[in-house]
Amino acid sequence: MWGSNAREAHPIFFHHVLRGLRKGARMYAVDPRRTTSAQWADAWLGIHVGSDISLANAIAREIIEAGLVHEEFIRRATSGFEAYAQSVLPYTLERAEADTGVPGALIRQLAHEYARADRAQICWTLGITEHHNAADNVFALINLALLTGHVGRYGSGVVPLRGQNNVQGGGDMGAIPNKLTGFQDIETNHEARARFEAVYGRPIHAKPGMHLSQMFEAMERGELTACYIIGENPMRSEADTGRAGKLLTGLDHLVVQDMFLTDTAAVADVVLPATAAWCEAEGTVTSSERRVQRVRKALDPPDGARDDIEIICELARRLGCDWGQPTAQQVWDELRALSPMHGGMSYDRLDKLGGIRWPCPDEQHPGTLFLHGRLWEEDPVKRGAPAPFTPVEHDPPVDLLSGEFPIRLTTGRRLDSYNTGVQSGKFATPLRRPETINVSPEDAEKLGFCEGEAVRVSSRRGSIEAPVHVDSTLRAGLAFMTLHFPEQVATNILTLDAWDPKSGTAEFKATAIRIDKLDAAAPGSDVPAHAEAGA
């Protein structure tokens, strides 16, 4: 479990993990905090925030040096091993211990147990991906799976745990700026573009769109002046929300389509009330295991709310493209005709089989149990292109610690709440407590803070006030907050909007902060104690 507090962020999934542990599985937790997930682990590797690549490379070096690589799998199913092996040579256990804070003996123990295991998985979440080098962090973990052959087989694999129930489906449907539906590359896949052009009757330009971080930069340059937001609350969820709010409210025109009057909807020029897709509409949903399943309407929506398909088709009609009034099934059948990996997933088959995992190219295909199972095929034709090793280098957080900002803030979720609180904040639970700035016992003593004391938390972007919570899961120099309660504490005013050029993900997990008593600002600071967001 690498950068994943699944006990709180993915509690249903974690029940399955606990069943495995009770049956004898072993679990290692790699996380800066000793989370409630780490407390179930056989060993906790308390890593410094942003040092994941150094740890992964050191594990790889140890596996190679100890002769524990899966030589047959590497030879037959991968490419680039020699260059990768050279790239990890500098990452000795001693270097990794200095970079990560994890004892070298523990790194060696994890390396040997992972490599020798009959079956092993690496599960990760936002602790890996919300960094300025998010994609490289993921490549570092994939390299370990390729090194040991722990991929494409029952019980083994690389497992990115999704933060929401249809994140996988969003990507599958083409909600990625350089991909058409079914992950068909918009720049290089000429045949796919031709298929879409034939159905849509419009040219498909071989040019990627902008991801979210690029959109905000385009707003800043005055190049993006209107925005249509569906089911998202960037006024609260974006890093550096002071900047995000200024840019969103400065647009010429903002449209928000949502179930709730979010903070973003509240500043929109037009709000389009939508239905709850999971119970008020027909359609499909895709799980993290690539299983496409039917969603059936159970309730009528409230007056004034309209299905997303209906809203989008009505907008198209008013823009001069009459798409009629297609049903969810008709939309799905059009998609299946354009996305080869969904070709065999008719509604009838989805009903009969209880869902199907893509790729499923035709209606005789059962779906694909293991996405990378092809790598174990004897036949080179069936095996296809080899899986490449990707050398990556340690790259520390952008927001450097300093004398003025000496504490590392990382953010995450709690079991009782969800994201910006829009979906979870309307009901009461005895688990919920107010937002706090969590600090280690050592830092609380050093700074003279007591439990519940209100303090000022400052970063290079702005300041907020929050009560202190002394948290024994934290080590000295590390603090923790959530973004669940922006009406109490606007955490994302502090966070950095530096983003990964490969994925577009912002570095939420590694902010440099200072914590002051309310009656005293730190001398020489460039962010005074009275600073506001975006100051």
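Residues numbered from 1 in each chain as written. Predicted model: local features only at pLDDT ≥ 70, side-chain atom pairs only at ≥ 80, totals over all residues. Heavy atoms only, no water.

Novice: Tell me about the packing of helix H6 (residues 93-100) against helix H7 (residues 104-116), residues and numbers included.
Specialist: In helix packing, the relevant descriptors are the interaxial angle and the interaxial distance, both defined with respect to the helix axes. Contact pair H6 / H7: the axes reach a minimum separation of 8 Å and the direction vectors enclose 110 degrees. On the basis of their axis angle, the class for H6 and H7 is roughly perpendicular. Remark: the crossing between H6 and H7 carries right-handed chirality. Along its contact with H6, which presents Leu 93, Ala 96, Glu 97 and Thr 100, the element H7 presents Gly 104, Ile 107 and Arg 108. (Axes fitted to C-alpha atoms, helices over the stretch in contact; angles between N-to-C directions. Helix = DSSP H or I, 4+ residues; strand = E, 2+ residues; numbered from the N terminus. Parallel < 35°, antiparallel > 145°, perpendicular 65-115°, else oblique. Left-handed = near helix turned anticlockwise from the far one by under 90°. Contact = heavy atoms within 4.5 Å.)

Novice: Please provide a residue-by-residue account of the confidence of the model for the protein, values included.
Specialist: Taken residue by residue, the protein gives an average pLDDT of 92. The fraction at 70 or more is 97%. Within the model, the stretch residues 522-535 combines pLDDT values under 50 with 30 contacts to residues more than four positions away or in other chains. (pLDDT = per-residue confidence, 0-100.)

Novice: Account for the packing of aromatic side chains, with residues named and values stated.
Specialist: Counting across every chain of the model gives five aromatic pairs. Between Tyr 84 and Phe 389, the ring centres sit 5.0 Å apart and the planes meet at 20 degrees, which makes this aromatic pair stacked. Of this pair, Tyr 84 sits in helix H5 (residues 81-87) while Phe 389 sits in the loop between strand S14 (387-388) and strand S15 (407-412), and the two are 305 residues apart along the sequence. Phe 389 shares its class with Tyr 84; the two are buried. Three or more aromatic residues joined by ring pairs form one cluster here, namely Phe 81, Tyr 84 and Phe 389. (Phe/Tyr/Trp six-rings, centres within 6.5 Å; stacked < 30°, edge-to-face > 60°. Buried < 20%, exposed > 50% of the residue type's maximum accessible area, 1.4 Å probe, protein only.)

Novice: Please give an account of the side chain of Ser 51 that cites residues and values.
Specialist: Locating Ser 51 in the fold gives a position in the loop between strand S2 (43-45) and helix H3 (52-65). Taking the relative accessible area as the measure of exposure, Ser 51 reaches 2% and is therefore buried. At 2.7 Å, the side chain of Ser 51 and the backbone oxygen of His 48 are in polar contact. (Polar contact = N/O pair within 3.5 Å; in protein donor to acceptor, adjacent residues only side chain to side chain.)

Novice: How would you sum up the packing of H3 against H6? Please name residues and give values.
Specialist: Running from N to C, H3 and H6 point in directions that differ by 165 degrees, and their axes come no closer than 9 Å. Viewed along their axes, H3 and H6 adopt a mutual orientation that is roughly antiparallel. Crossing geometry of H3 relative to H6 is assigned as left-handed. Contacts between H3 and H6 involve Ser 54, Leu 55, Ala 58 and Glu 62 from the former and Leu 93, Arg 95, Ala 96, Asp 99 and Thr 100 from the latter. Here the residues of the contact of H3 with H6 sort into four nonpolar, two polar and three charged. (Nonpolar A, V, L, I, M, F, W, Y, C, P; charged D, E, K, R; others polar.)

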